[in-house]
Amino acid sequence: PADVEQLGRSTWTLLHTMAAQYPPKAPPTTQSVMKQFISTFSQLYPCWVCADDFRSWMVQPGNEPKVGGRDELGNWMCLAHNVVNVKLGKKEFDCSLWKQRWKDGWDD
Ligand code: FAD
């Protein structure tokens, strides 16, 4: 439905923008707050099938949130988004362009 798409676009904007503004090297407290946020988010995101799939992907070995710093988090978020893109039959995003898209900005 349209609202799942609208919600998705808005949410990815929030998530990628949070990564873009995350410290280049995050202190331990910030890292644990971000981990907590992602975990809470994945339990409360109001598209339940989306949230369930996101959580099951995230708990697999190697897919845990990478919260050490901006580049790590941004690339992890890009990867997580690409997993959804593939699931929905959308084109994968080139993660080397992640910062240009979400930090320096381009029109979409
Ligand atoms: P979006 O996928 O919303 O992307 C918005 C913009 O982000 C794009 O235009 C592009 O500029 C940029 N972008 C694209 N890919 C990346 C990337 N990998 N990294 C960085 N930037 C990128 N919808 C469902 O129907 N089923 C689901 O199971 C589902 N699960 C979701 C799980 C989560 C956690 C979230 C946040 C959303 C989910 N959605 C799901 C919504 C879906 O991902 C899209 O947001 C929605 O389909 C609208 O897609 P869109 O083509 O407009 O662009």
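Right above here is the structure, for reference.
Reading the values: rules and limits
Residues numbered from 1 in each chain as written. Predicted model: local features only at pLDDT ≥ 70, side-chain atom pairs only at ≥ 80, totals over all residues. Heavy atoms only, no water. Helix = DSSP H or I, 4+ residues; strand = E, 2+ residues; numbered from the N terminus. Buried < 20%, exposed > 50% of the residue type's maximum accessible area, 1.4 Å probe, protein only. Contact = heavy atoms within 4.5 Å. Near = heavy atom within 4 Å. Polar contact = N/O pair within 3.5 Å; in protein donor to acceptor, adjacent residues only side chain to side chain. Nonpolar A, V, L, I, M, F, W, Y, C, P; charged D, E, K, R; others polar.

Visitor: Looking at this model, I keep getting lost on the environment of Met58. Mind explaining?
Guide: Here Met58 shows up in helix 3 (residues 48-58). For Met58, a relative accessible area of 9% gives the class buried. Not counting the four nearest positions on each side in its chain, Met58 is found in contact with Ile38, Ser42, Asn63, Glu64, Pro65 and Trp76.

Visitor: Help me understand the side chain of Asn82 in this model?
Guide: Structurally, the position occupied by Asn82 is in helix 4 (residues 70-87). Ignoring sequence-local partners within four residues, the contact set of Asn82 consists of Glu92, Phe93 and Cys95.

Visitor: Is there a simple way to explain the site of the ligand in this structure?
Guide: Around the ligand sit 22 residues, and of these Arg9, His81, Lys87, Arg101 and Trp102 come closest. One nitrogen or oxygen atom from the main chain of Cys78 is found 2.9 Å from a nitrogen atom belonging to the ligand. Arg101 is positioned with one of its side-chain polar atoms (N or O) 2.8 Å from an oxygen atom of the ligand. Elements with a contribution of two residues or more to the shell around the ligand: helix 1 (2-20), helix 3, helix 4 and helix 5 (98-105). When residues of the shell around the ligand are assigned to their parent elements, the largest contribution, seven residues, is made by helix 1. For the shell around the ligand, a count of residues per class yields 10 nonpolar, six polar and six charged.

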